[in-house]
Amino acid sequence: MDVDLRLLRYFAAVAEEGSLTGAAERLFVSQPALTKRIRRLEDGLGVRLFARSRSGMALTEAGRELASRVPALLDAWDEAVRATGRAARVLRLGFLDAGAVGAVPEVIADFRRARPEWRVELRQSDWSDPSAGLARGEVDAALVRLPFPGQRRWAVRELFTEDRGVLLPARHPLAHRETVEFRELWDEPFVSAGAETGAWREHWLATEERAGHPVRIGAVTSRPDEWLGAVAGGCVALAPASAARFHSHPDVVFRPVRGVSPSRVGLARPRGRTREPVLDQLLEAIARRLSRS
């Protein structure tokens, strides 16, 4: 049978994590969606790959055989993709939001002047993938907001921190304030990323800075326009300070917040790969520029 490589990535994640919960968090997909994809792979192969129980997902004998071969297969494919990019002289850099990118376009412009034979592509991911394309093998490196699920799997270099504030409906009683205390927002309906984004979602709800106060979810979104629309409709949302520069809506205001930790921006790339001089040159230039800006 012809197999979608994504199904093999899902299989490998479940095999390594030993549970749907851990694999779903790592892959930024819901557990029901992951279950369907594993069953699709099993149906296509005509074998059961996992024995399911309350304690987790144990590999069957057939599953162990496949699990022994899939990592090498995926590594070979990823290397083929990278080699193709090198041959075409293309570097792919993922990102989530303009605030994390900062002066990167200027760095890329300098890089292109120095290496005109190379093309650099900036690829934006929505918030359903906090790894900005790394987890899906879509980019060579990414500018990410920390923390994000599965972060330990990548080589991450922290570049800078940025204060977090709050987006409020312009008619909100706190909208006239110069600064808002976070505890004043605890009972507000918050805009949230999907539950599958795990630690990243929790960071942008500041769940660990609520003294145990429960979060009230008012809307779930994965795109900036949906995010702003939900705030205009009556929700609130924590946001990096740069959001005030890059995102605007006539019915939304940004206010600084006291009582929440800052957002951290990092540069992430796969671990354990052979160093690639041209990519290293670009990433080092980005790190130098953003670390001092």
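To be clear, the structure that these remarks concern was listed above.
Described in the following lines is the structure provided in the data block. These numbers were taken from a predicted model, which means no experiment stands behind them.

A word on the packing of aromatic side chains
Here is step 1: The full count for this structure, using the stated rule, is 5 aromatic pairs.
Here is step 2: Arranged with centres 6.3 Å apart and planes meeting at 80°, the rings of Phe 182 and Trp 186 form a pair that is edge-to-face. Like Phe 182, the residue Trp 186 is buried in the burial classification.
Here is step 3: Taking 6.3 Å as the distance between ring centres and 55° as the angle between the ring planes, the aromatic pair formed by Trp 200 and Trp 204 counts as tilted. In this pair, Trp 200 and Trp 204 both sit in helix 7 (residues 199–205), 4 residues apart, roughly one turn of the helix. No difference in accessibility class separates Trp 200 from Trp 204, as the two residues are buried.

Quick notes on the sheet that holds strand 3 (residues 90–95)
Here is step 1: Reading across from one edge, 4-3-5-13-6 is the order of the 5 strands in this open sheet, with mixed pairing throughout. Every other strand in the sheet has two partners, leaving strand 4 (119–124) and strand 6 (154–162) as the edge strands with one partner each. Sheet twist, expressed as the mean angle between neighbouring strand axes with direction ignored, is 20°.
Here is step 2: Relative to strand 13 (residues 263–270), strand 5 (residues 141–146) is paired through 5 bridges, and the arrangement is antiparallel. Of the residues in strand 13, the one forming a bridge with Arg 145 is Val 265.
Here is step 3: Docked against the sheet, helix 6 (residues 104–114) engages strand 3, strand 4 and strand 5, running at close to 160° with respect to strand 4.

Procedures and definitions
Residues numbered from 1 in each chain as written. Predicted model: local features only at pLDDT ≥ 70, side-chain atom pairs only at ≥ 80, totals over all residues. Heavy atoms only, no water. Phe/Tyr/Trp six-rings, centres within 6.5 Å; stacked < 30°, edge-to-face > 60°. Buried < 20%, exposed > 50% of the residue type's maximum accessible area, 1.4 Å probe, protein only. Helix = DSSP H or I, 4+ residues; strand = E, 2+ residues; numbered from the N terminus. Pairing = 2+ DSSP bridges. Axes fitted to C-alpha atoms, helices over the stretch in contact; angles between N-to-C directions. Contact = heavy atoms within 4.5 Å.

Purely spatial values, then, with no claim about function.
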